[in-house]
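Coordinate analysis (summary)
Below are the chains, spelled out letter by letter.
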Amino acid sequence: MENTISNRANMIRSTQTWCTNNPTPTMGIPAFAPVKGNVDSKLILIDGLTAIADASTSGVTLDTILLRNVMTTFALKCGDAVSAYAASVNNNTLRAKVTFTISQMNRFKKEEVDDICETIHFEANANMM
């Protein structure tokens, strides 16, 4: 699974580099620049979280609250998209697996939040078009 995610990130990074080096083909598309900026900022966040995950943690207390908030935010965005898709195809089982609110997530223990986010991640990958 890690290899698949790494391959997707590398594909996005390659596309981002090409778009940065060749701005002419997309200059006429008004919505392209904001989306590219959003992708750029997400890749910076991914790189930062990867650095934290790969770093040595001996003697260092990680800010688990910040990591939990970031993880929850991404999971809820993905969950909302999958929930909308599930509603459009009348798949109530899928919708129940991915529909959560921030207040619901904040009530769970960190281990439970991790499992819920992982479930949302798997369901989003399984239902990607």
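See the structure printed just above.
Worth saying up front: this structure is predicted, and the values here are computed from it rather than measured. For every chain, the first residue of its written sequence is number 1, and the numbers climb from 1 along that sequence. Per-residue local features are limited, in this predicted model, to residues with pLDDT of at least 70; the limit for side-chain atom pairs, both in listing and counting, is 80 or more; totals at the level of whole chains, interfaces and linings are taken over all residues. Only hydrogens and water are removed before side-chain values are computed, so all heavy atoms of the structure are retained for them.

What follows is about the environment of Asn 127. Locating Asn 127 in the fold gives a position in the segment after helix H6 (110-126). Taking the C-alpha atoms as reference, Asn 127 lies 9.6 Å from Leu 94; in sequence the two are 33 residues apart. Those residues within four positions of Asn 127 in sequence are excluded, and the remaining contacts are Tyr 85 and Leu 94. At 2.8 Å, the side chain of Asn 127 and the backbone oxygen of Glu 123 are in polar contact. Counting from the N terminus, the helices are DSSP H or I runs at least four residues long and the strands are E runs at least two residues long. Contact definition: two residues touch when any of their heavy atoms are within 4.5 Å. Distance and chemistry together define a polar contact, namely a pair of N or O atoms within 3.5 Å, with one atom able to donate a hydrogen and the other to accept it when in protein, and with adjacent residues in sequence counting only for side-chain atoms on both sides.

Further remarks concern the nonpolar core. In this description, a nonpolar core means a group of buried Ala, Val, Leu, Ile, Met, Phe, Trp, Tyr and Cys residues linked to one another through side-chain atoms lying within 4.5 Å. Burial status follows relative accessibility: with a 1.4 Å probe on protein chains alone, a residue under 20% of its type maximum counts as buried, one over 50% as exposed, and anything between as partly exposed. Membership of the largest hydrophobic core comes to 13 residues, with the highest contact counts inside it found for Val 82, Phe 100, Met 105, Ile 116, Cys 117 and Ile 120. Secondary-structure elements contributing two or more residues to this core are helix H3 (64-88), helix H4 (92-98) and H6. It is H6 that contributes the most residues to this core, five residues altogether. Residues in contact with Ile 116, not counting those within four places in the same chain, are Phe 100, Met 105 and Phe 108.

Turning our eyes to something else, we now look at a nonpolar patch on the surface. Every patch collects residues that have over 30% relative accessible area and no salt bridge, joining them within 9 Å if they carry like charges and within 5 Å if they are nonpolar side chains (Val, Leu, Ile, Met, Phe, Trp, Tyr). Exposure was quantified through the Shrake-Rupley algorithm and a 1.4 Å probe, taking into account, for residues, occlusion by the shown protein chains and nothing else. The working definition used for a salt bridge is a side-chain nitrogen of Lys or Arg within 4 Å of a carboxyl oxygen of Asp or Glu. A contiguous nonpolar patch, built from Met 11, Ile 12, Val 35 and Val 39 and spanning about 340 Å² of accessible area, is present on the exposed surface. Its place among the elements puts Met 11 in helix H1 (residues 2-21).

By themselves these figures say nothing about function.
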